[in-house]
Amino acid sequence: MFEDFVLDTDRRELTRGPELIAIGPQVFDLLVYLVKNRERVVTKDNLFEEVWGGRIVSESTLTSHINAVRKAVADSGEEQRLIRTIARKGFRFVGEPRQAQTPSDTPSHHDFENAAKQATKPTATLALPSKPSIAVLPFQNLSGDPDQEYFADGVVEDIITALSRMRWLFVIARNSSFTYKGRPVDVKQVGRELAACRTWA
């Protein structure tokens, strides 16, 4: 936990109060790595190794991911309240995180989804949001090139992020919709399981 954010590495979720922050998997990994290594400056080579599996990516890709991390935690390149750029050295998380004592007690997006699945049971205590809900399922990689998998997933994540900016819409978390990745699905059934009134696949 830092400021009013909760970074849940088990659920792979970033929340701010009751709000689930839409964040891509690599951006999430980047944030986790920075937080875990906050005692030192993290170099670009460190990030290439840990976040990109040793692959060298372009400067613009790294910059866009750092900017995405800052945006997720309401920071900016000018303010650098949490993510600080150390000139010619790398980056450092300068917030003051603390370990949550009872993370399971913190309501999350999954609580709403579990409530939907248990809606027929009288013991369900959580209710679904009254606003329309939507789920975006993983795209199939039809190129035959495994390297394009990141691209296909990235498109889905961009759609989820864009939809999450619409305050009148409840967007199912990426971690939930991606459990259907690589599986033949019945869209209507998935919609019921995720409690989404619209499902894109």
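Here is what the cut-offs are and how they apply
Residues numbered from 1 in each chain as written. Predicted model: local features only at pLDDT ≥ 70, side-chain atom pairs only at ≥ 80, totals over all residues. Heavy atoms only, no water. 1 Å grid on protein atoms, 1.4 Å probe; cavity = no way out; pocket = protein on both sides within 12 Å on 5 of 7 lines; lining within 4 Å. Points joined across faces, edges and corners; volume = space filled by probe spheres on them. Helix = DSSP H or I, 4+ residues; strand = E, 2+ residues; numbered from the N terminus. Buried < 20%, exposed > 50% of the residue type's maximum accessible area, 1.4 Å probe, protein only. Axes fitted to C-alpha atoms, helices over the stretch in contact; angles between N-to-C directions. Parallel < 35°, antiparallel > 145°, perpendicular 65-115°, else oblique. Contact = heavy atoms within 4.5 Å. Nonpolar A, V, L, I, M, F, W, Y, C, P; charged D, E, K, R; others polar. Core = buried A, V, L, I, M, F, W, Y, C linked by side-chain atoms within 4.5 Å.

Draft legend 1. Molecular detail of empty space enclosed by the protein. Counted under the stated rule, the structure contains 1 cavity of 30 Å³ or more. In this structure, the largest cavity encloses a volume near 40 Å³. For the largest cavity, the full set of lining residues is Arg12, Ile23, Gly24, Pro25, Phe28, Arg174 and Asn175. Elements with a contribution of two residues or more to the lining of the largest cavity: α1 (25-36) and α6 (174-177).

Draft legend 2. Quick look at unusual backbone geometry. Its identity is not glycine, yet glutamine 80 carries a phi of approximately 50°, on the positive side. Residue classification places glutamine 80 among the buried residues on the basis of a relative accessible area of 18%.

Draft legend 3. Representation of the packing of α1 against helix α3 (residues 59-72). The N-to-C vectors of α1 and α3 enclose an angle of 75°; their axes lie 9 Å apart at closest approach. As the angle between them shows, α1 and α3 are arranged roughly perpendicular. Contacts between α1 and α3 pair Gln26, Val27, Leu30 and Leu31 from the former with His65, Ile66, Ala68 and Val69 from the latter. Among the residues forming the contact of α1 with α3, the class breakdown is 6 nonpolar, 2 polar and no charged.

Draft legend 4. Representation of the nonpolar core in the model. Counting 29 residues, the largest nonpolar core has Phe2, Leu7, Leu14 and Leu47 as its most contacted members. Secondary-structure elements contributing two or more residues to this core are β1 (5-8), α1, α2 (44-50), α3 and β5 (90-93). If you tally residues by element for this core, the top one is α1, at 8 residues. Leave out the neighbours within four places in its chain, and leucine 7 touches Phe2, Glu13, Leu14, Phe28, Leu31, Val32 and Val35. Counting residues in hydrophobic clusters, the runner-up holds 8 residues, among them Ile134, Val136, Leu163 and Val171.

Note that every value here comes from positions in space, so none of it alone points to a role or purpose.
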